[in-house]
Amino acid sequence: MLLIAILGVASTIEAAPRRDYKDVINAFIESRINTDYMKMKGILSQDAVEKVPRLKTTFRFSAVDLLKTMKASDGVKQACTSSFKILAENDGMIMVQIDFIYAEHIVSEFVT
């Protein structure tokens, strides 16, 4: 699971502009499909953690680890399409299921 910064940070003088969550979701999808390191870096929270289950083990990757991996493969395009649906939302957070649809399988990611 990845944590993505969706809201602007408020200052004591005025609030920063709020990013539309659909823009963030689309940027996430595009960065995954196109292995776009810079686009992911622009939306990924510094304390994000990606958890990947494999059999009886769950691997944890920090934002730094994820960005290093993406940077090493920068520009590699995935042969898939995508779709997403909002599973839950409130004023401060959303939970999204993003499906990456390949010819033989679907990879679902759950993002908050």
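Scroll up for the structure.
Residues numbered from 1 in each chain as written. Predicted model: local features only at pLDDT ≥ 70, side-chain atom pairs only at ≥ 80, totals over all residues. Heavy atoms only, no water.

K.L.:
Explain the pairing of strand β2 (residues 57-62) to me, please; I cannot follow it from the model alone.
P.N.:
Each regular strand carries side chains that alternate between the two faces of the sheet. Sheet analysis places strand β1 (residues 49-54) next to β2, joined by six bridges and oriented antiparallel. Along β2, the bridge assignment pairs V49 with S62. Joining the antiparallel neighbours β1 and β2 is a turn of two residues, in which L55 adopts a positive phi near 55°. (Pairing = 2+ DSSP bridges. Helix = DSSP H or I, 4+ residues; strand = E, 2+ residues; numbered from the N terminus.)

K.L.:
Would you take a moment to explain the pattern of salt bridges for this structure?
P.N.:
Any two side chains of opposite charge can pair, so long as their charged atoms come close to each other. According to the stated counting rule, one finds three salt bridges in the structure shown. Two residues, E50 and R32, come together in a salt bridge whose shortest N-O distance is 2.6 Å. Residue E50 is located in strand β1, and its partner R32 is located in helix α1 (residues 21-33); the two are separated by 18 residues in the primary sequence. Taking the relative accessible area as the measure of exposure, R32 reaches 16% and is therefore buried. Residues joined by salt bridges that share partners form a network here, namely R32, E50 and E109. (Salt bridge = Lys/Arg side-chain N within 4 Å of Asp/Glu carboxyl O. Buried < 20%, exposed > 50% of the residue type's maximum accessible area, 1.4 Å probe, protein only.)

K.L.:
Please clarify how the layout of surface pockets should be interpreted in this entry.
P.N.:
In this structure, the largest pocket occupies an estimated 700 Å³ of space. In terms of lining residues, the largest pocket is bounded by 25 residues, among which R32, E50, V52, V107 and E109 are the most central. Among the secondary structure elements, those contributing two or more residues to the lining of the largest pocket are α1, β1, β2, α3 (63-72) and β5 (106-111). Grouping the constituent residues of the lining of the largest pocket by class yields 14 nonpolar, six polar and five charged. (1 Å grid on protein atoms, 1.4 Å probe; cavity = no way out; pocket = protein on both sides within 12 Å on 5 of 7 lines; lining within 4 Å. Points joined across faces, edges and corners; volume = space filled by probe spheres on them. Nonpolar A, V, L, I, M, F, W, Y, C, P; charged D, E, K, R; others polar.)

K.L.:
Honestly, α1 in this entry has me stumped. Any pointers?
P.N.:
At 3.6 residues per turn, the α-helix brings residues three or four places apart onto the same side. For α1, spanning 13 residues, the distance from its first C-alpha to its last is 18 Å, which sits close to the expected 18 Å at 1.5 Å a residue. Within α1, burial applies to Y21, V24, I25, A27, F28, I29, S31, R32 and I33. Residues of α1 that are buried sit in contact with α2 (37-43), β1, α3, β3 (81-89), β4 (94-101) and β5. Directly after α1, the chain includes T35, whose backbone phi takes a positive value near 45°. (Expected span 1.5 Å × (residues − 1). Contact = heavy atoms within 4.5 Å.)

K.L.:
Explain the environment of A63 here, please?
P.N.:
Considering the arrangement of structural elements, one finds A63 in helix α3. For the pair A63 and A48, spaced 15 residues apart in the sequence, the C-alpha separation amounts to 5.1 Å. Look past the residues within four positions of A63 in its chain and what remains in contact with it is L44, S45, Q46 and A48.

K.L.:
Where do I start with unusual backbone geometry in this structure?
P.N.:
Note: most peptide bonds trans; most residues except glycine with negative phi. Here the phi dihedral of T35 falls at roughly 45°; this positive angle occurs in a residue that is not glycine. Mapped onto the elements of the fold, T35 is located in the loop between α1 and α2. In this model, L55 sits at a positive phi of 55°, which is unusual for a non-glycine residue. Structurally, L55 can be placed in the loop between β1 and β2.

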